[in-house]
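Structure at a glance
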Amino acid sequence: MPMAVSPERVRTGITRLTGGRLVKGNQLVEQDLWISSVSGKILRSQQVFYEHQVVPDEVVDLQGKILAPGFIDVQFNGAFGFDFSAVPEDMTEYQKGLKRLNRYLVRTGVTSYLPTLPSQRAGVYHKTLPYLGPSGGARNPLEGSESLGAHCEGPFISPSKNGIHSVEVLQEAPNGFSDMKACYGSESFPEDGKGPISMITAAPEVAGIRECIPEATRRGIRFAIGHTEATYEQAGEAIEQGATMITHLFNAMRPLHHRNPGIFGVLGKADGKERPYYGVISDGIHLHPTTVKIAWAAHPDGFILVTDAMKTVGLPDGVYDGMHGDRWVKKGPLLTREGSNTIAGSSATLIECVSNFWTWSHASIPEVIRAVTATPARMLGLEKIKGKLDPDADADLLVLEAQQDADGKRTLKVDQVWKFGTLVHDASDEQFGL
Amino acid sequence: MRLIICEDKSTASKYIADYLIDRIKSFAPTPEKPFVLGLPTGSSPENVYKSLVAAHKRGEISFRNVITFNMDEYVGIPREHPESYHSFMYRHFFSQVDVDPANINILNGNAEDLEEECIAYEEKIKRAGGIELFLGGIGPDGHIAFNEPGSSLRSRTRVKTLAYDTIIANSRFFDNDLNKVPKMALTVGVQTVMDAREVVIIITGPHKALALQKCIEGGVNHMWTLSSLQMHPHAMIVVDEDATLELQVKTVKYFKSIEQVATAQGFGQALASEEFVLRKRDSVLEKLDSPKSPTSKSFLAPPKPPLARQITPEFVPDSMHQRVVEQPATGLGLDGMEMKELPLSSMHTRVDSGSA
């Protein structure tokens, strides 16, 4: 008796995203994508189809929009009014604030990030680092953005290149790595490498730091050069010791001089293995557009866009309390100290930085998106599970709309955000959200 | 056999796609009575799949209750290899329409026991009720599925070693490296295809012209295995002009005229469903078996004289007492009894109907 299978099936939790243009390598490809809200991953659709004979529960038509991996921001200090380094009396407030930040942050398109702590006293690190470690263990999409581990930017930096960091808390490491342990807390450096810190920014010319580099990398922590007076040669040595990243290139370091190329010079080294990744703040305030373009052209494979945003990002324009008793004035992406023109930091969102870069460089959309997805994932050693639209990667996705104005301004807009295979933000639906 | 000659490859593909859609729609498949469809791979049917996908996206056809059986699959390459026939079908068809994956049947070239796989496949076809329509292509050597020249025309699903010609033809999908092309495949047999209720073959391109000529104008020959189609009651071959290059002009003209006449007369040639045909047959049998009513074989009867009616005399109404003579009283012992005559009067003088 011939029997075709009944249409009533068990729900599989699989969503099929169709009709979109997927960012794959350097191209936009028209292809379907199957994601699972149960495993939170991108599926091998053909294998799942034939092997398990499942069909998607839901089909979403992207109507020609761009489908990209979720953005990864490896440097920002807070958002939506929450400051990672502000320690309250009651740490449950800190925890709540952090959870709230994760839910709001994911709407801006940042699905994973490194919460950044600028130079602080040891006590701040001891109190906050336990909360800032990788938070995606539960793979719960409703939490929103996921921390991939903390970024400790300081206090082992150069006093003359402190930016807005307070000089009083800066340190040297005369006892080598044990000074680092004392500052960040020895629990932050477990032997299995699964501690809360993912990246440390320090100045390699500061006493004792050069010897710390292999200690950190041995424990799976990325070492970044930043806030430094290092010369081109010193930077090269740090890279040989294991440094793989430069923190906000050009800012808080020696400029490019034609006979003293400074840190920027390492981008020109011929052998690919020696060239590090490097962060660039493209808010239009920290760097001139053409500087960004030149850096990208010199070493596109290492180019990572970051915001280095302060806690005012995501808040409406106005006056807010800053760090160390300052008052800050926020106007769009620009953040200044009240009463002066000194830049207090950045308040641009990552999608704004990406749009700026696209406008200035006229790079292709896949190349632009690579700077906030595949490249930071590779820098963090997470290229198998983050930053790309391939099977077995986490299903952190963005649906983007690309617009080009008549005057040449290009913008990418976040339409939908998917985290671990579940829709967590839809710009067209005011009510929908975490 | 119907030979449909279309102008070019895309018209031929569209013709087949439209025909398939018509067939499935008029069959009206249900879960209890699904439409069992045999499917091919290769560059010839690619455009057919494109048309079917487009029609499905427009909402014209659903493949919900269609069970599919593919013709063949390579042996020894992984199922997810981009050149496997599983991948071909997924890429060009299954990922874009609504065939239920549980209704899809493709031979497994990585089965532990290939012979068991073939026997199971034949059994699955049987259990699905047999194939309603088998769509296929042809190789340049006239093969149907992977039934290479020399295959038995009675063959069933089995393991086949590929002919050198076929390996060369397929090498374009394997970086033009002959060593990368699989040497063996599982394929349905010639008889498996012939067991389908209807067979539709697409043949396009000048490189297939010789094969078409051998299969239609030559005899049934195991060197050109598609020629077995000549023995099928409902075969249809859809070709483009290029594929007819080796045929006699007479053949081409003949088949073209058949189609023209059929269309002009409004005589549909699409194969009706088995149900419909069986019902028609049943009603014919009924008529043949019913008892014969005596037919008035009027031409054998003698001529009947015209019946003339006798003239009826005119009716003169009279009363009975005038015709009946009064008999005098006889010695009946009734003396002394007076016979009084009843006064005859009409009822209406006695009864006042007005007061009734």
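Note that this is a predicted model, so its numbers are computed, not measured. (Residues numbered from 1 in each chain as written. Chains lettered and ligands numbered in written order. Predicted model: local features only at pLDDT ≥ 70, side-chain atom pairs only at ≥ 80, totals over all residues. Heavy atoms only, no water.)

Residues Glu112, Asp113, Glu115 and Glu116 of chain B make up a contiguous surface patch of negative charge. Its place among the elements puts glutamate 116 of chain B in helix 4 (residues 114-127). (Patch = residues over 30% accessible without salt bridge, like charges linked within 9 Å, V, L, I, M, F, W, Y side chains within 5 Å. Areas by Shrake-Rupley, 256 points an atom, 1.4 Å probe, with all protein chains shown as cover. Salt bridge = Lys/Arg side-chain N within 4 Å of Asp/Glu carboxyl O. Lys, Arg positive; Asp, Glu negative; His and termini not counted. Charge placed at Lys NZ, Arg CZ, Asp CG, Glu CD. Helix = DSSP H or I, 4+ residues; strand = E, 2+ residues; numbered from the N terminus.)

As a further point, take empty space enclosed by the protein. Residues and elements named next belong to chain A. The full count for this structure, using the stated rule, is seven cavities of 30 Å³ or more. Roughly 90 Å³ of internal volume is contained in the largest cavity. Contributing to the lining of the largest cavity are 14 residues, with Leu105, Thr108, Val313, Thr349 and Leu350 lying nearest its centre. The class makeup of the residues in the lining of the largest cavity is nine nonpolar, four polar and one charged. For the second largest cavity, the calculated volume is near 50 Å³. Together, Pro69, Gly70, Ile72, Thr111, Ser112, Lys386, Gly387, Lys388, Asp394 and Asp396 line the second largest cavity. (1 Å grid on protein atoms, 1.4 Å probe; cavity = no way out; pocket = protein on both sides within 12 Å on 5 of 7 lines; lining within 4 Å. Points joined across faces, edges and corners; volume = space filled by probe spheres on them. Nonpolar A, V, L, I, M, F, W, Y, C, P; charged D, E, K, R; others polar.)

Residue and element names in this part refer to chain A. Strands sit in the order 18-19-20-21 across an open sheet of four strands; the sheet is antiparallel. Every other strand in the sheet has two partners, leaving strand 18 (318-321) and strand 21 (343-346) as the edge strands with one partner each. Adjacent strand axes in the sheet meet at a mean angle of 30° when their direction is disregarded. The pairing of strand 18 with strand 19 (residues 327-331) spans four bridges and is antiparallel. (Pairing = 2+ DSSP bridges. Axes fitted to C-alpha atoms, helices over the stretch in contact; angles between N-to-C directions.)

Residue and element names in this part refer to chain A. Within this numbering scheme, the UniProt entry marks Ile164, Asn251, Ala252, Arg259, His286, Ile343, Ala344 and Gly345 as carrying the feature "binding site: substrate" (unreviewed entry). What stands out for the annotated residues spanning 182 residues is how far apart their C-alpha atoms range, the widest pair being 31.4 Å apart. Its location among the elements puts asparagine 251 in the loop between strand 15 (245-246) and strand 16 (277-281). Given a relative accessible area of 15%, asparagine 251 falls into the buried group. Contact partners of asparagine 251, with chain neighbours within four places excluded, come to Ile281, His286 and Leu287. Among the secondary structure elements, arginine 259 is positioned in the loop between strand 15 and strand 16. (UniProt positions renumbered as here; feature names shortened; annotations may be inferred. Buried < 20%, exposed > 50% of the residue type's maximum accessible area, 1.4 Å probe, protein only. Contact = heavy atoms within 4.5 Å.)

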